[in-house]
Amino acid sequence: MSQTNFSPWDDPNGKPLIRFDNVTKKFGEFVAIDGLTLDIYEREFFALLGPSGCGKTTMMRMLAGFENPTSGTMELAGKNIAGVPPNKRAVNMMFQSYALFPHLTVWDNIAFGLKRGGVPKQQIGTRVEEMLKLTRLTKFARRKPHQISGGQRQRVALARSLAKAPKLLLLDEPLGALDKKLRQDTQFELMDIQESTGTTFVIVTHDQEEAMTVASRVAVMDEGRIIQVATPDRIYEAPNSVYVADFIGDVNIIEGTVKPAGEDLYHIDWNPNQAPLLAASERPFSDGQTAHLAIRPEKITISTEQPVDAKNTAKGTVLDIAYLGNLSTYYVQLEGGQIVKAQTANTRRLSRRSITWEDQVWISWSATAGVLLDQ
Amino acid sequence: MNIRRFVLIAVPYAWLLALFFIPFFIVLKISLSDLALAIPPYSPTVKDGILNMLSAFDFENFTFLASDDLYWKAYLSSLKIALISTVLALLVGYPMAYGMARAPDEWRPTLMMLVILPFWTSFLIRVYAWVGILSNEGLLNQLLLWVGWIDAPLAIMNTTTAVYIGIVYTYLPFMILPIYAALDRLDESLIEAAEDLGCSRTTAFWLVTVPLSRNGIIAGCFLVFIPALGEFVIPSLLGGSGTLMIGKVLFEEFFNNRDWPVASAVAVVLLLILIVPITLFQRNQQRQAEADT
Ligand SMILES: Nc1ncnc2c1ncn2[C@@H]1O[C@H](COP(=O)(O)OP(=O)(O)OP(=O)(O)O)[C@@H](O)[C@H]1O
Ligand SMILES: [Mg+2]
């Protein structure tokens, strides 16, 4: 991660670079963005996550100047940017479809923006070479877009949007077509660029791991609204809703009724045949309220014997095991029929694994392992 | 398998042979003959025996074309008129194609229909209609007189201007359609990308839209230029005696003078001139097909 104490969003006097104030965007009757209020700060690496069609691209297009909000205001560096054309904004966008100019070579595609900015010729050359090197495209500089592979095209699009070193860079799924190794390299490259240039990045991605790796904050969207904005660890550890918990990573959701059990502690009745669960929550719940306990699989311990001092335990049989190389996920069917996922690191070789299909096992977790959610 | 392939290749070649090369060789043969008072009005013919016929061939008609300045003036004038008409058709056609490509989806079939609609009536009738519009007592002059913009009728009929109007009008669809096809394929996000990278709308047009519709422009220009060069009906109906075009000369040699050999020589030279733009056109089409794959 970048600097540990970079958190301008916690500063009440902080001035955001981008400010969305109750922005709504409609296409005809269809509401693509619904009353969005959001601040993005300078030097942030802001990730947008959300299912297909939730409005991520639309939001980027409004920032770039291709769409105007139907209502609400958008500010860039304190100035209302409604009606400012795209070429007058210090914003560059990498298009989801790449939008490379088919009649120009890779070199000319990257140089395109620089040439418009009145940069001296020699400087353009150096800058383009730099970008080519960064995206490992030097060999392909003289080729046209239709003569290179999909991943290479994506890198050209990335290089082209980076070339002008804009104040704000919008990346719409910039790394989707790259293989894992190149993707990781490029992620670190992006973070490096971000640190050395101070550019603010807004990135759309479908890859949560990517969002977690690169982002200073993550916004989870659904149907044109932002559900939660927080740092990656907060999003993961303290989701504010079942939707977010479910969207980010793997999670077990247990539904039940709440009974207060001391300060910030609650019992959850979830199955008449099982003992109530114990969960800590800073968020208050009233007696008898329906709640959802969200627990990450890796926070659940699986063992062959009944644990003695665990706050929550349940007995079940192993239904399935998913071997992921470094990890294994056990699907345990509890006596009530519910299936719970528990994950352990594979520190031993597969052949030495002690738990296998149809085994009777105990799962357990602590009171603070899960998050209690009301919706 | 080989037979199927042979048939597949043979069909277009047979077509080309029957409809192009055989007529061309007949015309070429006549152009090498001499004028005669006979039916057909030239000699020698195959009836004189193949060898006799071959030995009687000469290039007299071609040397005649070169010696009489009427012919090369007609060729030059045709080239000039075809060239200017092509540029005019481009200037008129490009904005129309652009407008069509930018029109809302539900309008496009209608607009396309309007472009093609004139083909549903006879070309001859449409050119005659222009006589009614452009002549001294024509609709245009009457309108301008009525509005009061002019005091005396404009003499447009029987001038080169009328020929330009006629050619641009007639061949405009051939200019619009290929350009429209190119613009229609153009991805809107490329324009946005250009604007994003600092282009104004106008520069984005010149740097992205125009280069990407280049093949359409080239195709359209050739489709106008090639038929315009040999055009006969339009200059004879609208251009009057003032306009010299090779198509008209050809017609007069053939039907008025009944000099088939000279008329054939004129046609052969015209064809040779046309080979250059036709080859270029073919190459453009081929390049476009390659770029599309
Ligand atoms: N020009 C438009 N006209 C009408 N509807 C549109 C238009 N652009 C986008 N939409 C709709 O707005 C919604 C949001 O679209 P958007 O492209 O922002 O989704 P997205 O979050 O980027 O999805 P993906 O992850 O698939 O790229 C979609 O339902 C889409 O159909
Ligand atoms: Mg999108």
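Here is what the cut-offs are and how they apply
- Residues numbered from 1 in each chain as written.
- Chains lettered and ligands numbered in written order.
- Predicted model: local features only at pLDDT ≥ 70, side-chain atom pairs only at ≥ 80, totals over all residues.
- Heavy atoms only, no water.
- Near = heavy atom within 4 Å.
- Polar contact = N/O pair within 3.5 Å; in protein donor to acceptor, adjacent residues only side chain to side chain.
- Areas by Shrake-Rupley, 256 points an atom, 1.4 Å probe, with all protein chains shown as cover.
- Helix = DSSP H or I, 4+ residues; strand = E, 2+ residues; numbered from the N terminus.
- Nonpolar A, V, L, I, M, F, W, Y, C, P; charged D, E, K, R; others polar.
- Buried < 20%, exposed > 50% of the residue type's maximum accessible area, 1.4 Å probe, protein only.
- Arc of directions from axis to C-beta.
- Donors = N, O, S within 2.8 Å, 3.2 Å for Na, K, Ca; no water.
- Contact = heavy atoms within 4.5 Å.
- Domains from an automatic or database assignment.
- Buried area = accessible area lost by both parts, 1.4 Å probe.
- Salt bridge = Lys/Arg side-chain N within 4 Å of Asp/Glu carboxyl O.
- Pairing = 2+ DSSP bridges.
- Axes fitted to C-alpha atoms, helices over the stretch in contact; angles between N-to-C directions.
- Expected span 1.5 Å × (residues − 1).

Undergrad: Sorry, what's going on with the site of ligand 1 here?
TA: All names here are of chain A. Of all residues adjacent to ligand 1, which total 13 residues, the nearest are Ser52, Gly53, Lys56, Thr57 and Thr58. Note that an oxygen atom of ligand 1 is positioned 2.8 Å from one of the backbone N or O atoms of Gly53. At 3.2 Å, a backbone N or O of Cys54 approaches an oxygen atom of ligand 1. Here ligand 1, which alone exposes 640 Å², has 62% of that area covered by the protein. Mapped onto the shell around ligand 1, the elements with two or more residues apiece are β2 (30–40) and α1 (56–64). With three residues, α1 is the largest single contributor of residues to the shell around ligand 1. Among the residues making up the shell around ligand 1, the classes are represented as four nonpolar, seven polar and two charged.

Undergrad: Would you mind showing me how to read helix α3 (residues 60–67) of chain B here?
TA: What sets the pattern is the α-helix's 3.6 residues per turn: residues three or four places apart point alike. Residue and element names in this part refer to chain B. Within the span of α3, buried status applies to Asn61, Phe62 and Leu65. Each buried residue of α3 lies within a common arc of 100° when the element is viewed along its axis, so the set occupies one face. More than 90 degrees from the buried face of α3, the exposed residues found are Thr63, Ala66 and Ser67.

Undergrad: Can you help me understand the coordination of the magnesium ion (ligand 2) in this one?
TA: Under perfect tetrahedral coordination by four donors, a metal shows angles of 109.5 degrees; under perfect octahedral coordination by six donors, it shows angles of 90 or 180 degrees. Bound to the magnesium ion (ligand 2) on the protein side are A:Thr57 (OG1) and A:Gln96 (OE1), at distances that span 1.8 to 2.4 Å. Here A:Gln96 lies in the loop between β6 (91–94) and α2 (106–116) and A:Thr57 lies in helix α1, a separation of 39 residues in the sequence.

Undergrad: What's the story with the environment of B:Thr45 in this structure? I'm lost.
TA: All names here are of chain B. One can find Thr45 in the loop between β2 (42–43) and α2 (50–56). Looking at Thr45, the relative accessible area reads 13%, which means it is buried. Beyond its immediate chain neighbours, meaning those up to four positions away, Thr45 contacts Pro40 and Met53.

Undergrad: Looking at this structure, I do not really get the domain arrangement of chain A. What am I missing?
TA: How big an interface is tends to be expressed through the accessible area that disappears when the partners come together. All names here are of chain A. Here chain A is partitioned into domain 1 (8–245) and domain 2 (250–373). Put simply, the middle of domain 1 and the middle of domain 2, counted by C-alpha atoms, are 38 Å apart. Between domain 1 and domain 2, the contact holds eight residues from the first and ten residues from the second. Contact with domain 2 buries surface across domain 1, with Tyr236, Val242 and Ala245 losing the most and accounting together for 63% of the total. Joining domain 1 to domain 2, the criterion identifies one salt bridge. Lys299 is the partner of Glu237 in a salt bridge, and the nearest nitrogen-oxygen pair spans 3.0 Å.

Undergrad: Even after reading the chapter, I still don't get the pairing of strand β12 (residues 265–269) of chain A, so can you show me in this structure?
TA: Across a regular strand the side chains alternate sides, sitting on one face of the sheet and then on the other. Residues and elements named next belong to chain A. Residues of β12 alternate between two faces, with Tyr266 and Ile268 buried on one and Leu265, His267 and Asp269 left unburied on the opposite face. Here four bridges tie strand β11 (residues 252–260) to β12, and the two strands are oriented antiparallel to one another. Paired with Lys259 across the two strands is His267, which belongs to β12. Where β12 lies against strand β13 (residues 277–280), four bridges are found, and the strand directions are antiparallel. Opposite Leu265, over in β13, you have Ala280 as the bridge partner.

Undergrad: In this structure, what is going on with the sheet that holds strand β1 (residues 18–27) of chain A? I would like to understand it.
TA: Residues and elements named next belong to chain A. Pairing within the open sheet is antiparallel, and its four strands lie in the order β2-β1-β4-β5. Of all strands in the sheet, those bounded by a partner on one side alone are β2 and β5 (79–80). In terms of strand pairing, β1 meets β2 through seven bridges, oriented antiparallel. For Lys26, the partnering residue across the bridge sits in β2 and is Val31. Packed on one face of the sheet, α1 meets β1, β2 and β4 (71–76) and runs near 115° to β1.

Undergrad: Any chance you could explain the interface of chain A and chain B here in plain terms?
TA: Counting residues at the interface gives 20 residues for chain A, matched by 15 residues for chain B. Both sides together, the interface formed by chain A and chain B hides about 1600 Å², and carbon and sulfur atoms give 63% of it. In this structure, the connection of chain A to chain B is made through one salt bridge. Where B:Glu192 meets A:Arg61, a salt bridge forms, and the shortest distance between an N and an O atom there is 2.7 Å. Across the chain A-chain B interface, the total number found is seven residue pairs in polar contact (both at pLDDT 80 or more).

Undergrad: What's the story with helix α4 (residues 150–163) of chain A in this structure? I'm lost.
TA: All names here are of chain A. Its 14 residues place the ends of α4 20 Å apart at the C-alpha level, agreeing with the 20 Å of an ideal helix rising 1.5 Å per residue. Of all 14 residues that make up α4, twelve are buried, and the element is covered over most of its length. Gly151, Gln152, Gln154, Arg155, Val156, Ala157, Leu158, Ala159, Arg160, Ser161, Leu162 and Ala163 are the residues of α4 that are buried. One or two residues past the end of α4 sits Ala165, with phi positive at roughly 45°.

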